[in-house]
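# Architecture and fold: a report
Here are the chains, one letter per residue:
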Amino acid sequence: MSAATRAGWVTLVGAGPGDPELLTLKAVRAIERATVLLVDELVSDGVLAFAAADARIVHVGKRGGCASTPQAFIDKLMAAEALKGEHVVRLKGGDPFIFGRGGEEAERLRAQGIEVEVVNGITSGLAAASALGVPLTHREHAHGIIFVTGHARADANADATPLHWPTLGAAAAQGLTLVIYMGVAAIDTLQSGLLASLPAATPAAVVQHASLPQQRLLRCPLGELAREVEAQRIGSPAIVIVGDVLRGVSSLSQQVGIERAA
Ligand code: SAH
C-alpha cells in the first residue's frame with residue numbers, strides 16, 4: 001500500500017431525500033467527523049447541521065442559480081484534500097449510487113490510489129412512494145420495480161440505446177412499477193411514449209421535494225400527466241411513478257396530505 005493510499009480517504013455518503021431524520025447512523029457519524037464536505041445541490045441544510053462547526057463545506061451544486069461546479073474540479077478537490085489527510089465526505093442526495101454519478105467519482109478516486117467508502121442513503125424514489133402511501137411491490141399489483149432516469153445524458157455515447165418509453169410501458173403493463181427520476185422536464189415525451197403501450201387511465205403520480213416540508217403530491221391518470229404537471233407547476237426535483245400499485249391507496253394518500261398538490 002502506498003503512502004498516498006494511507007494518507008486519506010473519501011466517504012461517499014448518501015444524504016437521503018431531504019428529511020434529516022432519514023439519514024443513516026453511519027451517515028451522521030461520517031458527517032460529524034468530516035473535516036471537508038463537498039455537497040451536492042439536493043442535500044438539505046438540515047443534513048449539514050450535523051457537520052462540525054470548523055468543517056469546510058463546499059457547495060458544488062447549482063445552488064442559488066449559479067452554474068454547477070465542473071465535475072473535473074470536484075474530482076480534483078476531493079483527491080487533493082484526501083491526500084492531504086483530510087476526512088473528506090462527499091454528500092450526495094438520496095443514495096450515492098442511484099443516478100448520482102457516485103460510481104464514476106469512486107472509480108476516479110480509486111484509480112488514484114485513494115480509498116473510497118460508501119454509505120447508503122434512502123433514495124428519493126423510495127421516499128416518494130412512501131409519501132404517496134404506495135407499497136411499490138404490492139403483490140396484488142406488481143412483480144417488481146424499475147428505477148429509470150427520464151433524462152438522457154447529453155454526452156451519451158452514440159452507441160448507447162436511447163430510452164424507449166413504449167418498452168417501459170410494456171414492462172409496466174406486465175406489473176413492473178416505474179419509478180422515474182429526472183422525468184418532469186421531459187414529461188410530454190415520457191407520457192406519449194408510455195401511452196403507446198399503456199391505457200390512458202393507468203394511474204400515475206408525481207412527488208416533488210419528497211420528505212421535505214415543501215413536499216407536493218400529484219396523482220392523475222397517465223393520459224393527463226403532462227397537462228397536470230404543467231397546471232400544478234411541478235418542477236424538479238421530482239419523482240414520477242407509473243403503475244397499478246397506485247390504485248386503491250387513496251385512503252393512505254389522504255393521510256399524507258395529497259391536497260398539498262393544489
Ligand atoms: N442519488 C439521488 C438521485 C440523483 S438524480 C437519489 O438516490 O435520490 C436527481 C433526481 O433525483 C432529481 O431530478 C429527482 O428526480 C430526484 N430527487 C432527488 N431528491 C428528490 C426529492 N427530495 N424529491 C423528489 N425527487 C428527488
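Use the structure listed above.
First, a word on scope: everything that follows refers to the structure included in this document. As a convention, each chain's residues are numbered from 1 in the sequence order in which they are written. Local features in this predicted model are restricted to residues whose pLDDT is 70 or higher, and side-chain atom pairs enter the listing and the counts only when it is 80 or higher, whereas totals over whole chains, interfaces and linings include all residues. As a convention, hydrogens and water are excluded, and side-chain values are obtained from all of the structure's heavy atoms.

### Let's talk about helix H6 (residues 124-132)
Where H6 is concerned, the buried positions are Gly125, Ala127, Ala128, Ala129, Ala131 and Leu132. The helix count covers DSSP runs of H or I at least four residues long, the strand count covers runs of E at least two residues long, and both are numbered beginning at the N terminus. Positive backbone phi, approximately 75°, marks glycine 133, located one or two places after H6. Three exposure classes are used, based on accessible area relative to the maximum for each residue type with a 1.4 Å probe and protein chains only: buried under 20%, partly exposed in between, and exposed over 50%.

### A short note on the sheet that holds strand S4 (residues 87-92)
Pairing is parallel across the open sheet formed by five strands, whose spatial order is S3-S2-S4-S1-S5. With one partner strand each, in any of the chains shown, strand S3 (56-59) and strand S5 (115-119) form the two edges of the open sheet. Strand-to-strand twist of the sheet, defined as the mean angle between neighbouring strand axes without regard to direction, takes the value 20°. Paired strands are those between which DSSP finds at least two bridges. Relative to S5, strand S1 (residues 9-14) is paired through five bridges, and the arrangement is parallel. By the bridge assignment, threonine 11 is partnered in S5 with glutamate 117. Should any heavy atoms of two residues lie within 4.5 Å, those residues are considered in contact. In this description, a line fitted to the C-alpha atoms serves as the axis of each element, helices being fitted only across the stretch in contact, and the angle between N-to-C directions of two axes falls anywhere from 0 to 180 degrees. On the sheet, helix H2 (residues 25-33) packs against S1, strand S2 (36-39), S4 and S5 and is oriented at approximately 135° with respect to S1. Those strands touched by helix H4 (residues 71-83) are S1, S2, S3 and S4, and its axis lies near 150° from that of S4.

### Let's talk about the sheet that holds strand S10 (residues 238-242)
Read from one edge to the other, the open sheet built from five strands follows the order S6-S7-S10-S8-S9, with strand pairing classed as mixed. Every other strand in the sheet has two partners, leaving strand S6 (144-149) and strand S9 (216-221) as the edge strands with one partner each. Within the sheet, the average angular offset between the axes of one strand and its neighbour, ignoring direction, is 20°. Sheet analysis places S6 next to strand S7 (residues 176-181), joined by six bridges and oriented parallel.

### Comments concerning the site of the ligand
Only heavy atoms are used to decide nearness, and a residue is near a molecule or strand if one of them lies within 4 Å of it. In the vicinity of the ligand lie 18 residues, with Ile98, Thr123, Ser124, Ala210 and Ala238 positioned nearest. Polar contact is defined as a pair of N or O atoms within 3.5 Å, subject to the rule that within protein one atom must be able to donate a hydrogen and the other to accept it, and that residues adjacent in sequence are counted only when both atoms are side-chain atoms. For the ligand, a nitrogen atom lies 2.7 Å from a polar atom in the backbone of isoleucine 98. In this structure, an oxygen atom belonging to the ligand sits 2.6 Å away from a side-chain N or O atom of threonine 123. Computed with a 1.4 Å probe, the accessible areas rest on the Shrake-Rupley method; for each residue, only the protein chains presented here act as cover. Within the complex, the protein chains bury 92% of what would otherwise be the 540 Å² of accessible surface of the ligand. Gly is put with the polar residues, along with every residue not named as nonpolar or charged; the nonpolar set is Ala, Val, Leu, Ile, Met, Phe, Trp, Tyr, Cys and Pro, and the charged set is Asp, Glu, Lys and Arg. Split by residue class, the shell around the ligand holds eleven nonpolar, six polar and one charged.

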